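Tertiary structure, described
Now for the letters of each chain:
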Amino acid sequence: MSNTNALPIPQKPALIWLNVAIFTLTALVSLTVVPWYGIVHGYSIGMWVTFALLVTLNEMSITAGYHRLWAHRAYDAHPALRFVFLLFGTMALQNSAWVWCSGHRRHHLHVDDNDKDPYSANRGFWFSHIGWMLRDYPSGEVDLSNIPDLRRDKMLAFQHRHYALLAIVSNFGTPLLIGWALGDVWGGLLLAGVLRLFISHHFTFFINSLAHIWGKRPYTEENTARDNPILAVVTFGEGYHNYHHIFAHDYRNGVRWWQWDPTKWLISSLQFVGLTRRLKRTPAFQIQRALLSMQLVRAQRKLEQLPAANGPATHIEQLRRKIAQEYDALASAVAEWTHVKEQWLEDKKRAVIEHLEHANFQKRLREIEQRLKVQRRRLRILHAELA
Ligand SMILES: [Zn+2]
Ligand SMILES: [Zn+2]
């Protein structure tokens, strides 16, 4: 007897065989043939150096080029630099810049939305890492309507139109050429070809998977993005992903000077030779404000979880008052900063601002910023009391 009320079994979208083949083959060969050849034949130092150089060029063309330059417009770049990014970005085999940036802009706009974010971390590690590219998911449908700016760029249009050919030529031609030059064609194909692709692929994919799962959220809890210094090392700085999701137009991901972000260092140093300009930075005040707001939210949460037996009611009442005071202090600093900034911009627009006045405005803004720094120190003490 058939059950007419049975729900239809949900069909999985069709596999994209080309992607399945590329990811499976590069993984299998990297884990078997690459070490086997190394044992029986060996790779020269020159081959290893070339491999490291190509991984760096591939990954950084994605992080500095595809990601921060084109997807987020965090700075402007000289055509010569854009050409280099496009060359090695094509070789990184992560689709054309148009397709990549359009998907990435959607990721930011609809982050964690399982129906709209092409690599939503809420669908698990596997999906956000690589699964989203293996099947024809509706969330991953290519729609270039959100990149009108990039569609005006002739260089990007050329890459998009001839992507398949360019990708094949760069991925086979370069390793062959290197192998021939170093006298070891198979070694070139294996290290500069396969292993380079496998490593640069998965290190970049970690940004969508692990950087949304593993790490801290010092700036915002509104999405799953995490700051993770270990991931920053293998992703050339993109591991500071919590910061990146809240201030996506900043050319820096690791915003503190000591945070490992080679992509940021590359972009800022190329400024001195005229290859990059108009670097966008989030005002320090906004950064402090985000950090402080998160600290306050966490303090509030800890306070609510404090068991009643954890000291006299008056102590808890005292802590509650302290937190309320800190909220007020933050609100007034924000209001004041916004006011000073508006006044400054207004005066600048009317071109009445003198050099002296300019310095005065800057000083006032810095003073308010300093207040937030002091407040964050107070909050740290408060957190210790709440622990
Ligand atoms: Zn993300
Ligand atoms: Zn981004």
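Secondary structure summary: the protein chain contains 16 helices and two strands in total. Along the first, second and third principal axes, the C-alpha atoms of the protein chain reach 75 × 75 × 45 Å. Expressed as a percentage of its 387 residues, the buried residues of the protein chain come to 34%. Considering only contacts in the protein chain between residues 6 or more positions apart, those separated by 24 or more positions represent 68%.

Before going further, it helps to spend a moment on helix 6 (residues 125-134). Along helix 6, the positions that sit buried rather than exposed are Phe127, Ser128, His129, Trp132 and Met133. Contacts from the buried residues of helix 6 go to helix 1 (17-31) and helix 10 (185-208).

Following both chains from N to C, one finds helix 14 (residues 284-305) and helix 15 (residues 313-349) inclined at 160°, their axes separated by 11 Å at the closest point. Overall, the two elements helix 14 and helix 15 adopt an arrangement that is roughly antiparallel. The two elements helix 14 and helix 15 meet at a crossing, and its hand is left-handed. Counting all contacts with helix 14, which are made through Phe285, Arg289, Leu292, Ser293, Leu296, Ala299, Gln300 and Leu303, the residues of helix 15 involved are Leu319, Arg320, Ile323, Glu326, Tyr327, Leu330, Val334 and Trp337. Among the residues making up the contact of helix 14 with helix 15, the classes are represented as eleven nonpolar, two polar and three charged.

Moving on, we come to the domain arrangement of the protein chain. Domain annotation of the protein chain identifies domain 1 (17-277) and domain 2 (284-386). The gap between the C-alpha centroids of domain 1 and domain 2 is 37 Å. In this assembly, five residues from domain 1 lie in contact with four residues from domain 2. Classifying every residue of the side of domain 1 that touches domain 2 gives four nonpolar, one polar and no charged.

A positive phi angle, near 50°, is found at Arg73, a position not held by glycine. Tracing the chain through its elements places Arg73 in the loop between helix 3 (45-71) and strand 1 (76-77). Residue Arg73 is classed as partly exposed on the basis of its 16 C-beta neighbours within 10 Å. In this structure, Leu93 is a non-glycine residue whose phi angle is positive, near 55°.

Tracing the backbone through its elements, the reader meets Tyr66 in helix 3. Along the primary structure Tyr66 and Gln94 are separated by 28 residues, whereas in three dimensions their C-alpha atoms are 9.7 Å apart.

Moving on, we get to the nonpolar core. Taken as a class, soluble globular proteins show a tendency for nonpolar side chains to be buried jointly. Tyr66, Leu69, Trp70, Ala97, Cys101 and Leu150 are the most contacted members of the largest nonpolar core, which totals 26 residues. When residues of this core are traced back to their parent elements, those giving at least two are helix 3, helix 4 (79-91) and helix 5 (97-109). Residues in contact with Leu150, not counting those within four places in the same chain, are Trp70, Ala97, Trp98, Cys101 and Leu156. Counting 14 residues, the second largest nonpolar core, distinct from the first, contains Tyr240, Tyr243, Phe247 and Ala248.

Take helix 5 next. Between the first and last C-alpha of helix 5 there are 18 Å, a value that for 13 residues agrees with the 18 Å anticipated at 1.5 Å per step. Burial in helix 5 covers these residues: Ala97, Trp98, Trp100, Cys101, Ser102, Gly103, His104, Arg106 and His107. Contacts from the buried residues of helix 5 go to helix 3, helix 4, helix 7 (148-151) and helix 8 (154-161).

With that out of the way, let us pick up the packing of helix 3 against helix 5. Orientation of helix 3 relative to helix 5, taken along the N-to-C sense of each, is 60°, at an axis distance of 10 Å. The angle between helix 3 and helix 5 places the two elements in the oblique class. Judged by the sense of rotation from one axis to the other, the crossing of helix 3 with helix 5 is right-handed. Side by side, helix 3 and helix 5 meet where Tyr66, His67, Trp70 and Ala71 of the first sit next to Ala97, Trp100, Cys101, His104 and Arg105 of the second. Broken down by class, the residue content of the contact of helix 3 with helix 5 amounts to six nonpolar, two polar and one charged.

Definitions and limits used
Residues numbered from 1 in each chain as written. Chains lettered and ligands numbered in written order. Predicted model: local features only at pLDDT ≥ 70, side-chain atom pairs only at ≥ 80, totals over all residues. Helix = DSSP H or I, 4+ residues; strand = E, 2+ residues; numbered from the N terminus. Buried ≥ 20, exposed ≤ 12 C-beta atoms within 10 Å, placed from the backbone. Contact = placed C-beta atoms within 7 Å. Axes fitted to C-alpha atoms, helices over the stretch in contact; angles between N-to-C directions. Parallel < 35°, antiparallel > 145°, perpendicular 65-115°, else oblique. Left-handed = near helix turned anticlockwise from the far one by under 90°. Nonpolar A, V, L, I, M, F, W, Y, C, P; charged D, E, K, R; others polar. Domains from an automatic or database assignment. Core = buried A, V, L, I, M, F, W, Y, C linked by C-beta atoms within 7 Å. Expected span 1.5 Å × (residues − 1).

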